[in-house]
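As a plain string of letters, each chain reads:
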Amino acid sequence: MPQALKRRQLITGGALALVGVAARASPVMAESSDEISRSEESIHQERTFTAQRARVYAALIVERQFDRIVRLSGVMKAGANAKMQNPTKLSPHVGGTFALFDGYIVGRQLELVPDELIVQAWRVLSWPRGVYSIARFELSEQAGATKIVFDHTGFPKGDAEHLASGWQEHYWDPLTKVLA
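So, a few notes on the structure that sits alongside this text. Since the model is a prediction, treat every value here as computed from it, not as a measurement.

The rules behind each value
Residues numbered from 1 in each chain as written. Predicted model: local features only at pLDDT ≥ 70, side-chain atom pairs only at ≥ 80, totals over all residues. Heavy atoms only, no water. Helix = DSSP H or I, 4+ residues; strand = E, 2+ residues; numbered from the N terminus. Buried < 20%, exposed > 50% of the residue type's maximum accessible area, 1.4 Å probe, protein only. Contact = heavy atoms within 4.5 Å. Areas by Shrake-Rupley, 256 points an atom, 1.4 Å probe, with all protein chains shown as cover. Salt bridge = Lys/Arg side-chain N within 4 Å of Asp/Glu carboxyl O. Axes fitted to C-alpha atoms, helices over the stretch in contact; angles between N-to-C directions. Parallel < 35°, antiparallel > 145°, perpendicular 65-115°, else oblique. Left-handed = near helix turned anticlockwise from the far one by under 90°. Nonpolar A, V, L, I, M, F, W, Y, C, P; charged D, E, K, R; others polar. Pairing = 2+ DSSP bridges.

Helix and strand counts for the protein come out as four helices and seven strands. Within the protein, the proportion of its 180 residues that are buried is 36%. Sequence separation of 24 or more characterises 49% of the internal contacts of the protein that already satisfy a separation of 6 or more. When the accessible surface of the protein is totalled, it reaches about 11100 Å², and 56% of it is carbon and sulfur.

Here it is, written out as structure tokens:
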């Protein structure tokens, strides 16, 4: 019995020690909440295209097809950009890199689920070095059409309006023409 008592005392003492550590740690935990931003901007867009998911997915992930989107976008009509030699470099593999609009947009393919999902680490070259956002394209079938639920997060504060209109002008509008 004395040994059972020692074991119980050891367990109880250990539990009390952990409670004491947790109690002392709580002010530090409260301070860390100051490190969490609750005001980040994001973009959420939903667009429907009259094409099968495989065709929409390919248009966004296959270099030659995406190059057609770039060439139809307003970027190609603007001054020096009209002379772009290689507007699109696009890897269709997870971990692969991309450079779009003659390198103005660069990034890496994070997740690719054929005909369903594209997730990219995405950045504009004018952003501070090392700053990447996440662009997520989720494709679903809707009565013979494809719905894209698009979310873009993690970009510099103040860029939301510019980026949202850019997605419309340089992705969705030309994609509609490519798929017509």
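Phi is mostly negative for residues that are not glycine, and the peptide bonds are mostly trans. A positive phi angle, close to 60 degrees, is found at Asp102, a residue other than glycine. Here Asp102 is to be found in the loop between strand E3 (97-100) and strand E4 (105-113).

A word on the pattern of salt bridges. Applying the stated criterion across every chain yields a total of three salt bridges. For Lys147, the salt bridge identified is with Glu46, shortest N-O distance 2.9 Å. Note that Lys147 is positioned in strand E7 (residues 145-153) and Glu46 in strand E1 (residues 42-49), a separation of 101 residues in sequence. A relative accessible area of 39% places Glu46 in the partly exposed class. Two residues, Arg136 and Glu138, come together in a salt bridge whose shortest N-O distance is 3.0 Å. Classification of Arg136 as partly exposed rests on a relative accessible area of 30%.

A separate point is the packing of helix H3 (residues 63-72) against helix H4 (residues 160-179). Closest axis-to-axis distance for the H3/H4 pair is 8 Å, and the angle between their directions is 115 degrees. As judged from the angle between their axes, H3 and H4 are roughly perpendicular. Pair H3 / H4 crosses with right-handed handedness. Listed contacts from H4 to Phe66, Arg68, Ile69 and Leu72 of H3 are His170, Tyr171, Pro174, Leu175, Lys177 and Val178. The class makeup of the residues in the contact of H3 with H4 is seven nonpolar, one polar and two charged.

If you walk across this open sheet you meet the seven strands as E1-E7-E6-E5-E4-E3-E2, and the pairing is antiparallel. Looking at which strands have only one partner, the edges of the open sheet turn out to be E1 and strand E2 (88-90). Averaged over all adjacent pairs, the angle separating strand axes in this sheet is 25 degrees, with direction ignored. Pairing analysis gives six bridges linking strand E5 (residues 117-124) to strand E6 (residues 133-142), with the strands arranged antiparallel. Its bridge partner lying in E6, Leu117 is registered against Glu138. On the sheet, helix H2 (residues 53-61) packs against E1, E2, E4, E5, E6 and E7 and is oriented at approximately 160 degrees with respect to E6. Its contacts with the sheet place H3 against E2 and E3, and it is angled at close to 145 degrees to E2.

Let's shift gears to the packing of H2 against H4. Relative orientation and spacing of two packed helices are given, respectively, by the angle between their axes and the distance between those axes. Two elements in contact, H2 and H4, have axes whose closest approach is 11 Å; the angle formed by their N-to-C orientations is 125 degrees. Relative to H4, H2 is oriented oblique. The way H2 lies across H4 gives a crossing that is right-handed. Contact residues: H2 offers Arg55, Val56, Ala59 and Leu60, while H4 offers Tyr171, Leu175, Val178 and Leu179. Partitioned by chemical class, the residues of the contact of H2 with H4 number seven nonpolar, no polar and one charged.

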